[in-house]
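Analysis of the macromolecular model
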2 protein chains.
Amino acid sequence: MIYSKWTSPVLWCLLHDGRLRFGELRVRLPRVTAKMLTQRLRQLERDGFVTRTHFDEVPPRVEYEATDLARSLAPVFTTLGEWSRRHFAEVEAARAAYKGPLVS
Amino acid sequence: MIYSKWTSPVLWCLLHDGRLRFGELRVRLPRVTAKMLTQRLRQLERDGFVTRTHFDEVPPRVEYEATDLARSLAPVFTTLGEWSRRHFAEVEAARAAYKGPLVS
DNA sequence: CAGCATCCACGAAGATACTG
DNA sequence: CAGTATCTTCGTGGATGCTG
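Bear in mind the structure is a predicted one, so any value in this text is a computation, not a measurement.

As for the sheet that holds strand S3 (residues 61-66) of chain B
Residues and elements named next belong to chain B. On the basis of which strands lie adjacent, the open sheet formed by three strands has the order S1-S3-S2 and antiparallel pairing. Single-partner strands in this sheet number two, and they are strand S1 (20-21) and strand S2 (50-55). Across six bridges, the pairing between S2 and S3 is antiparallel. Bridged to Arg52 within S3 is Tyr64. Across the sheet, helix H3 (residues 34-46) lies against S2 and S3, angled at about 115 degrees from S2, the strand it touches most.

Okay, structure coming up:
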């Protein structure tokens with residue numbers, strides 16, 4: 001999950017704002033393409049993190065919602081965020097002080 | 001960090017087993033190539049997570065060790081591990097039950 | 001509106017050969 | 001032993017066009 005670029009942002013939106021339509025997610029994540037958004041949502045659905053509800057209307061409406069399994073990730077997000085707030089400045093300091101060969 | 005394939009495994013070895021030589025890391029991570037191991041170690045050094053100690057001997061000896069900054073990541077590893085132990089079975093169950101289109 | 005199909009760009013990673 | 005150099009492979013992600 002973490003390894004894919006847009007999974008966390010998508011999940012974050014659904015955890016934070018509740019049930020959302022495809023287009024509403026696009027508004028919240030202006031840089032994501034429709035293709036990638038679809039791919040990530042399918043994967044999240046397959047893995048049990050979101051539910052997809054399709055309404056047979058015109059124009060079409062599809063809503064996505066985070067599951068309890070997704071909500072169980074809250075401590076992971078919290079711990080990562082805490083670490084970042086407390087320690088990321090040290091990373092930046094190390095980078096500024098680094099004198100060795102450039103990292104590819 | 002998480003986004004790169006070998007960063008976590010390398011860091012895990014150094015946090016778990018202490019100071020290690022380049023070759024000792026290769027033994028613990030048999031699938032990593034020397035090139036990638038070097039790249040990740042350089043990046044970890046640049047970002048302040050490991051120290052590199054070079055001994056001017058023949059044959060050469062280089063030792064890597066996790067810093068306090070690396071050790072500060074312990075809660076992140078713990079939380080992720082806890083989540084996995086408690087919930088990964090649910091992901092596998094969701095995958096087994098999934099009937100939709102295959103995810104690229 | 002919510003997508004799918006197609007093609008393309010790019011960077012991480014792998015394979016292999018060589019070296020101080 | 002601990003790398004470096006070079007080439008190739010692979011997969012994510014981006015851009016564009018089309019459709020029920």
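A word on the protein's contact with DNA strand D
As a structural note, the neighbourhood of DNA strand D is formed by 22 residues, with Lys5(A), Lys35(A), Arg21(B), Arg52(B) and Tyr64(B) the closest of them. The contact atoms of DNA strand D, taken as those within 4 Å of the protein, divide so that sugar and phosphate hold 72%. Between DNA strand D and Trp6(A), the relevant distance is 3.2 Å, taken from a phosphate oxygen to a side-chain nitrogen or oxygen of the residue. Between a phosphate oxygen of DNA strand D and a side-chain N or O atom of Arg52(B), the distance comes to 2.7 Å. At the level of elements, helix H3 (34-46) of chain A together with helix H2 (22-28), H3 and S3 of chain B are the ones that each hand at least two residues to the surface near DNA strand D.

A few points about the protein's contact with DNA strand C
Contacts to DNA strand C come from 19 residues, most closely from Arg21(A), Arg52(A), Tyr64(A), Lys5(B) and Lys35(B). Backbone atoms, meaning sugar and phosphate, form 67% of the atoms of DNA strand C found within 4 Å of the protein. At 2.9 Å from a phosphate oxygen of DNA strand C is found a main-chain nitrogen or oxygen belonging to Gly23(A). Tyr64(A) is positioned such that a nitrogen or oxygen atom in its side chain is 2.8 Å from a phosphate oxygen of DNA strand C. Among the secondary structure elements, those contributing two or more residues to the surface near DNA strand C are helix H2 (22-28), H3 and strand S3 (61-66) of chain A together with H3 of chain B. Grouping the constituent residues of the surface near DNA strand C by class yields nine nonpolar, three polar and seven charged.

Calculation notes
- Residues numbered from 1 in each chain as written.
- Chains lettered and ligands numbered in written order.
- Predicted model: local features only at pLDDT ≥ 70, side-chain atom pairs only at ≥ 80, totals over all residues.
- Heavy atoms only, no water.
- Pairing = 2+ DSSP bridges.
- Helix = DSSP H or I, 4+ residues; strand = E, 2+ residues; numbered from the N terminus.
- Contact = heavy atoms within 4.5 Å.
- Axes fitted to C-alpha atoms, helices over the stretch in contact; angles between N-to-C directions.
- Near = heavy atom within 4 Å.
- Polar contact = N/O pair within 3.5 Å; in protein donor to acceptor, adjacent residues only side chain to side chain.
- Nonpolar A, V, L, I, M, F, W, Y, C, P; charged D, E, K, R; others polar.

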